[in-house]
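# Summary of structural features
The primary structure of each chain is shown beneath.
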Amino acid sequence: KRFSLPACYPLERMTVSDVLRHLEANNIQLPEYQSTGKKQNYVIVIDEINRGNISKIFGELITLIEPSKRDGNEEALKLSLPYSGKPFSVPNNLYIIGTMNTADRSLAGLDIALRRRFTFVEMPPCPELLSDIEIDGPNIGQLIEVMNQRIEVLLDRDHCLGHAYFLPLRQDRSLDKLASIFRNQILPLLQEYFFEDWERISWVLNGHRVNDKSLCFIYQPEGDNRLTKLFGDTLAEQLEDRSWTLNPDAFFNINSYDQILKGA
């Protein structure tokens, strides 16, 4: 026989949860569905949650994500969705993870209601993950740890360097790769952290304890009567030379990285 319509076709306007909700409203039990007893957990990850508009991200969810208000709990709540009008609730097997960088924005920028609904877990740098990597001598894990100790003293612990910047060294353990990471990622990050205060950046890189300027990543140019030649005797006495010079060759000299660990 030839049928004009398929005997079985999908209900595009109904989801599985809609069907189950309809059966439940009509007191129709599904023994096989009910007897499993185990729910699969689901996770939603919201990256850089503090950069978004929290009210638009969550909306009505700000109430429903509370543990006691979730579906299956004693104080479960349901809301009607604004467009479809369908009832909506958050199941108790859903986990929401929001990531944020506290160096970008303080927790004070987050709504108190949102902070009350989340547990904040700090994820500090893990230099020990790179303690097995050495580039012609210097240990990368120790290098990160020493630099972060100096940054923590000069700024705070929220501005420490993450170990993720150096993870590419696991595949490419070359000086060229290390130089690329320092030149293109670490140094610009330090510039942002210290607001172009090159003297403090030099302290992080231990440049103030290096006698050979050719090993310094950044250094102050020297010259007899440099300020006098530029501005004259009268004005030179009132000025402090704040100019700094970038040394590209130092990024490809393994001894420059070894100098960062000097005294540590």
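Residues numbered from 1 in each chain as written. Predicted model: local features only at pLDDT ≥ 70, side-chain atom pairs only at ≥ 80, totals over all residues. Heavy atoms only, no water.

### Things to note about the nonpolar core
Formally: Take the buried Ala, Val, Leu, Ile, Met, Phe, Trp, Tyr and Cys residues and link them wherever side-chain atoms come within 4.5 Å; each set so joined is a nonpolar core. The rule is simple: take the accessible area with a 1.4 Å probe, protein chains only, and divide by the maximum for that residue type; under 20% is buried, over 50% is exposed, in between is partly exposed. By definition, any uninterrupted DSSP run of H or I lasting at least four residues is a helix, any uninterrupted run of E lasting at least two residues is a strand, and each is numbered from the N terminus. Note on contacts: a residue pair qualifies if any of its non-hydrogen atoms lie within 4.5 Å across the two residues.
Core analysis: the largest hydrophobic core is formed by 34 residues, its most contacted members being I140, M147, F166, L178, F182, L190 and Y257. Of all the secondary structure elements, the ones that give two or more residues to this core are α6 (140-154), α7 (175-193), α8 (198-204) and α11 (254-260). Those residues in contact with Y257 that sit more than four places away from it in its chain are P138, L143, L175, L178, A179, F182, F217, A250 and F251. Counting eleven residues, the second largest nonpolar core, distinct from the first, contains I49, F58, V90 and F118.

### Considerations on the pattern of salt bridges
Short version of the rule: By definition here, a salt bridge exists when the distance from a side-chain nitrogen of Lys or Arg to a carboxyl oxygen of Asp or Glu is within 4 Å.
In this structure the tally under the stated criterion is eight salt bridges. Across the pair K86 and D18 runs a salt bridge, and its minimum N-O distance is 3.3 Å. With K86 in the loop between β2 (79-80) and β3 (87-88) and D18 in helix α1 (residues 16-25), this pair connects stretches of sequence that are 68 residues apart. Relative accessible area serves as the criterion here: at 34%, K86 is assigned to the partly exposed category. D132 serves as the salt-bridge partner of R170, at 3.4 Å between the closest nitrogen and oxygen. Residue R170 is located in the loop between α6 and α7, and its partner D132 is located in the loop between α5 (112-117) and α6; the two are separated by 38 residues in the primary sequence.

### Quick look at the environment of I151
Here I151 lies in helix α6. Residue classification places I151 among the buried residues on the basis of a relative accessible area of 0%. Sequence separation between I151 and L130 is 21 residues; the distance between their C-alpha atoms is 19 Å. In this structure I151 touches D156, H159, C160, L161, L190 and V204, once residues within four positions along its chain are discounted.

### Thoughts on a nonpolar patch on the surface
Going by this rule: Note that patches include only residues with greater than 30% relative accessible area and no salt bridge, and the join distances are 9 Å for like charges and 5 Å for nonpolar side chains (Val, Leu, Ile, Met, Phe, Trp, Tyr). For the area figures, the Shrake-Rupley method with a 1.4 Å probe applies, and any residue is considered shielded solely by the protein chains shown.
Side chains of Y9, L11, M14 and V19 sit close together on the surface and give an oily, nonpolar patch of about 390 Å² of accessible area. Tracing the sequence through the fold places Y9 in the segment before α1. On the accessibility criterion, Y9 (54% relative accessible area) is exposed.

### Quick word on unusual backbone geometry
Here the phi dihedral of N27 falls at roughly 60 degrees; this positive angle occurs in a residue that is not glycine. With respect to the helices, strands and loops of the structure, N27 is situated in the loop between α1 and α2 (31-34). Classification of N27 by relative accessible area gives exposed; the value is 65%. With a phi close to 65 degrees, E196 is a non-glycine residue in the positive phi region. By the secondary structure assignment, E196 is in the loop between α7 and α8. You can call E196 partly exposed: its relative accessible area is 44%.

### Overview of the confidence of the model for the protein
Short version of the rule: pLDDT is defined as a per-residue confidence score from the predictor, taking values between 0 and 100.
In the predicted model, the protein carries a mean pLDDT of 86, and the fraction of residues at 70 or more is 93%. Element-level pLDDT for the protein is lowest in α2, with a mean of 62, against a maximum mean of 96 in α6.

### Some words on α7
Put simply, the test is: The span one expects for a helix is its residue count, reduced by one, times 1.5 Å. The angle between axes fitted to the seven-residue stretch ending at a residue and the seven-residue stretch beginning at it gives the bend at that residue.
Taking 1.5 Å per residue, 19 residues should reach 27 Å; α7 reaches 25 Å between its end C-alpha atoms and fits that length. F182 marks the point of greatest bend in α7, at about 35 degrees. All buried positions along α7 are accounted for by L175, L178, A179, I181, F182, I186, L187, L189, L190, Q191 and Y193. For α7, the elements touching its buried residues are α6, α8, β6 (245-246) and α11.

### Some details on the side chain of R70
Worth spelling out the cut-off: Whenever two N or O atoms come within 3.5 Å, that pair is a polar contact, provided that in protein one can donate a hydrogen and the other can accept it, and provided that, for residues adjacent in sequence, both atoms are side-chain atoms.
With respect to the element layout, R70 can be found in the loop between α4 (61-64) and β2. At a separation of 2.3 Å, a polar atom in the side chain of R70 contacts the main-chain carbonyl oxygen of L94. Excluding its chain neighbours within four sequence positions, the residues that come into contact with R70 are L64, I65, A76, V90, P91, N92, L94 and I96.

### Quick word on the packing of α6 against α7
Basically, it comes down to this: An axis is simply a line fitted to the C-alpha atoms; with a helix, the fit covers only the stretch in contact. Between two such axes, the angle follows the N-to-C directions and lies from 0 to 180 degrees. Convention used here: angles under 35 degrees read as roughly parallel, angles over 145 as roughly antiparallel, angles from 65 to 115 as roughly perpendicular, and any remaining angle as oblique. Two helices that cross are described as forming a left-handed crossing if the nearer one is turned anticlockwise from the farther one by less than a right angle, and a right-handed crossing if clockwise. Any residue outside Ala, Val, Leu, Ile, Met, Phe, Trp, Tyr, Cys, Pro, Asp, Glu, Lys and Arg is labelled polar, Gly included; the first ten of those are nonpolar and the last four are charged.
One can describe the packing of α6 onto α7 by two numbers: an axis separation of 14 Å at closest approach and a directional angle of 15 degrees. It follows from the interaxial angle that α6 and α7 lie roughly parallel. As α6 packs across α7, the resulting crossing turns out to be right-handed. Across from I140, L143, M147 and I151 in α6, the residues of α7 making contact are L178, F182, I186 and L190. Across the contact of α6 with α7, the residue classes break down as eight nonpolar, no polar and no charged.

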